[in-house]
Amino acid sequence: MRRVLITGGAGFIGSHLVRAVLAPERPLGAVRVTVLDSLTYAGNQENLDAVRHHPGFRFVRGDITDAVVVDRLMAEHDAVVHLAAESHVDRSIAAAHAFVHTNVLGTQTLLDAALRHGTEPFVHVSTDEVYGSVPFGSATEQHPLAPSSAYSASKASSDLLALACHRTHGLDVRVTRCSNNYGPRQYPEKLIPRFVTRLLRGENVPLYGDGENVRDWLHVDDHCRGLIAVLTRGRPGEVYNIGGGTELTNKELTGALLTACDAGWDRVDRVADRKGHDLRYSVDWSKIHRELGYEPRRDFDSGLAETVAWYREHHAP
Ligand code: NAD
């Protein structure tokens, strides 16, 4: 039986991945999953309620920078999906230290332990933000890394450390770089859950700058299918972009959210642009499509409607 360690499994994407891996379809076959998560403000054990009593599930509250805990767990597992991170760009602009500590030192702590115990494959979940702004076309996996924020710089550092561990030591590391995820259970600080929860409470929403920044939106379920494909069939030392196929300006996205929440443009406050705000992210995901047969399946309009419905049920006043 495969034993998989999932770091950050109480967070938004990690908890969806845990549920997907333990679903009745059993995409990994018989599997035991351990979540290692320190439960920062972004982690929520309720995200894992659906699997709490699953015989293949275990939760360990611990920090990925804690070498003792990490070493003990790594010895008990034969694969890793590493998602634990400080993940919000705005927080990294205000205070960068925690991002370096968790994202860089935490990743190296995991890599060192994986190497000691031969725990592989080690799937490192990175981000399309490591490419920086892509004004036209789409970034392939060979695109230079040019991160703009402390968040994306710390993710680029951990991404490169993971690849270096493969090149130097031969650990089976696989890196994924995905676009912006959306779906239920995201901590309401990122654009979609923040706007939706504020609109449902009758509050205004803050739109950065001219709203012309472009993001590619990836349903979290599609992302998890991509991660499972890389974990099961990816190649050692390879990087895989995972895209969602729906590019929107923040203004277009705001329009869709206003409609979904029965609100008008009078509820939008224009605020000063984010410092160092990347204009556009766009990944070329033809490699994962070609090699692993991945393509996004979730239609954006219905995925967004379902997400708004989830917040209406769980966060509305
Ligand atoms: P999240 O902020 O919702 O969850 C992060 C989880 O990591 C939380 O449960 C938190 O408690 C845990 N954590 C944080 N620091 C920890 C530490 N030191 N030790 C142990 N656990 C710790 O993040 P998310 O949106 O689910 O993102 C997951 C991963 O995907 C991150 O690595 C992020 O960089 C990457 N990613 C996310 C997106 C997105 O749109 N959300 C896009 C691209 C890449």
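Residues numbered from 1 in each chain as written. Predicted model: local features only at pLDDT ≥ 70, side-chain atom pairs only at ≥ 80, totals over all residues. Heavy atoms only, no water.

Let's shift gears to the sheet that holds strand E7 (residues 180-182). Within the open sheet, the three strands sit side by side as E7-E9-E11. Their pairing is mixed. A strand with exactly one partner marks an edge of an open sheet, and here the two such strands are E7 and strand E11 (246-249). The average undirected angle you get between the axes of adjacent strands in this sheet is 45 degrees. Bridge count between strand E9 (residues 214-219) and E11: four bridges; the pairing is antiparallel. When the bridges of E11 are listed, Val214 appears paired with Thr249. Along the sheet, helix H8 (residues 250-260) makes contact with E9 and E11, crossing E11 at roughly 95 degrees. (Pairing = 2+ DSSP bridges. Helix = DSSP H or I, 4+ residues; strand = E, 2+ residues; numbered from the N terminus. Axes fitted to C-alpha atoms, helices over the stretch in contact; angles between N-to-C directions. Contact = heavy atoms within 4.5 Å.)

With six of six residues buried, strand E5 (residues 122-127) is to be regarded as a mostly interior element. Along E5, one buried face is formed by Phe122, His124 and Ser126 and the opposite face, lined by Val123, Val125 and Thr127, is buried too. Here strand E4 (residues 79-82) runs beside E5; their pairing, made up of three bridges, is parallel. Within E5, the residue paired with His82 across the bridge is His124. (Buried < 20%, exposed > 50% of the residue type's maximum accessible area, 1.4 Å probe, protein only.)

Once that is clear, we can look at the sheet that holds E5. If you trace the seven strands from one edge of the open sheet to the other, you get E3-E2-E1-E4-E5-E6-E10, paired in parallel fashion. Every other strand in the sheet has two partners, leaving strand E3 (57-61) and strand E10 (239-242) as the edge strands with one partner each. Going from strand to strand, the sheet's axes swing by 20 degrees on average, the running direction of each strand aside. As paired strands, strand E1 (residues 2-7) and strand E2 (residues 31-37) are joined by six bridges and run parallel to one another. When the bridges of E2 are listed, Thr7 appears paired with Leu36. Helix H4 (residues 97-117) rests against E1, E4, E5 and strand E6 (173-178) of the sheet, and its axis sits at about 160 degrees to E5. Each of E1, E4, E5, E6 and E10 is contacted by helix H7 (residues 220-233), which is oriented at about 160 degrees to E6, the strand it contacts most.

We now examine the site of the ligand. Residues in close proximity to the ligand total 30 residues, the closest being Ile13, Asp37, Ser87, Tyr151 and Lys155. One of the side-chain nitrogen or oxygen atoms of Tyr151 is found 2.7 Å away from an oxygen atom of the ligand. A total of 840 Å² of accessible area belongs to the ligand in isolation, and the protein chains cover 97% of it. Elements represented by at least two residues in the shell around the ligand include exactly helix H1 (12-21), E5, helix H5 (150-169) and E7. Broken down by element, the residue count for the shell around the ligand peaks at three residues, all from E5. Class assignment of the residues belonging to the shell around the ligand gives a composition of 12 nonpolar, 14 polar and four charged. (Near = heavy atom within 4 Å. Polar contact = N/O pair within 3.5 Å; in protein donor to acceptor, adjacent residues only side chain to side chain. Areas by Shrake-Rupley, 256 points an atom, 1.4 Å probe, with all protein chains shown as cover. Nonpolar A, V, L, I, M, F, W, Y, C, P; charged D, E, K, R; others polar.)

The tally for this structure, following the rule as stated, stands at five aromatic pairs. When the centroid spacing of 5.0 Å and the interplanar angle of 80 degrees are considered together, the rings of Tyr41 and Tyr187 count as edge-to-face. Separated by 146 residues along the polypeptide, Tyr41 in the loop between E2 and E3 and Tyr187 in the loop between E7 and helix H6 (191-200) bring together distant segments of the chain. A centroid spacing of 4.9 Å and a plane angle of 85 degrees characterise the contact between Trp310 and Tyr311, whose relative ring orientation is edge-to-face. What makes Trp310 buried here is its relative accessible area of 17%. The ring of Tyr41 has Arg91 lying over it, and the distance from NZ or CZ to the ring centre is 3.6 Å. Positioned above the aromatic ring of Tyr240, the side-chain terminus of Lys287 is 4.8 Å from the ring centre. (Phe/Tyr/Trp six-rings, centres within 6.5 Å; stacked < 30°, edge-to-face > 60°. Lys NZ or Arg CZ within 6 Å of the ring centre and 35° of its normal.)

Remember, this is a structural readout, not a statement about activity or role.
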